[in-house]
Amino acid sequence: MSVGLTEVEVAAIGQAVADASALPNRAYTNDDFFAFEREQLFAKTWVCIGTGASIPTRGDVRPVSWLGAPLVIVRDQEDRIVVFHHVCRHRGNELVWEP
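Let us look at the structure shown here. (Residues numbered from 1 in each chain as written. Predicted model: local features only at pLDDT ≥ 70, side-chain atom pairs only at ≥ 80, totals over all residues. Heavy atoms only, no water.)

**A closer look at the packing of aromatic side chains**
The relative placement of two aromatic rings is captured by the distance of their centres and the angle of their planes.
Here is step 1: Counted by the stated rule, this structure contains two aromatic pairs.
Here is step 2: When the ring of Phe 42 is compared with that of Trp 66, the centres are 5.7 Å apart and the planes differ by 85°; the resulting orientation is edge-to-face. One end of the pair, Phe 42, is in the loop between helix H3 (31-40) and strand S1 (61-66); the other, Trp 66, is in strand S1, with 24 residues separating them in the sequence.
Here is step 3: Judged by its relative accessible area of 30%, Trp 66 falls in the partly exposed class. (Phe/Tyr/Trp six-rings, centres within 6.5 Å; stacked < 30°, edge-to-face > 60°. Helix = DSSP H or I, 4+ residues; strand = E, 2+ residues; numbered from the N terminus. Buried < 20%, exposed > 50% of the residue type's maximum accessible area, 1.4 Å probe, protein only.)

**Considering the side chain of His 86**
Here is step 1: Note on placement: His 86 falls in the segment after strand S3 (81-85).
Here is step 2: For His 86, a relative accessible area of 2% corresponds to the buried category.
Here is step 3: His 86 has contacts with Pro 63, Pro 70, Leu 71, Val 72, Asn 93, Glu 94, Leu 95 and Val 96, leaving out every residue within four places of it along the chain. (Contact = heavy atoms within 4.5 Å.)

**Considering the layout of surface pockets**
Here is step 1: Its boundaries defined by the atoms lining it, the largest pocket holds a volume of some 400 Å³.
Here is step 2: Around the largest pocket, the lining is made up of 19 residues, and of these Val 47, Ile 49, Trp 66, Leu 71 and Val 83 lie nearest the centre.
Here is step 3: Broken down by secondary-structure element, the contributors of at least two residues to the lining of the largest pocket are strand S2 (69-75) and S3.
Here is step 4: Of the residues that constitute the lining of the largest pocket, the class distribution is 13 nonpolar, five polar and one charged. (1 Å grid on protein atoms, 1.4 Å probe; cavity = no way out; pocket = protein on both sides within 12 Å on 5 of 7 lines; lining within 4 Å. Points joined across faces, edges and corners; volume = space filled by probe spheres on them. Nonpolar A, V, L, I, M, F, W, Y, C, P; charged D, E, K, R; others polar.)

Here's what the structure looks like:
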């Protein structure tokens, strides 16, 4: 199935709110559409995956998943919040499973 929207679907989405249509059902269920959105929309901008309150103390970690990508949020020793890919480079395993 194509991930592209038809001209009719694009026109319907682009209407004023009172007259607009939502995305077609396949946009919420199709794996190809999901991959397209992940690469063309979400990968090109900042997204919120957590808050500083969830890792309040230096050394705290919180594993999260964003669009299927395993990530880990860390509050480092300088009190900065950083995010890493949550996969060991040597064994391909996740490092922590809970905060």
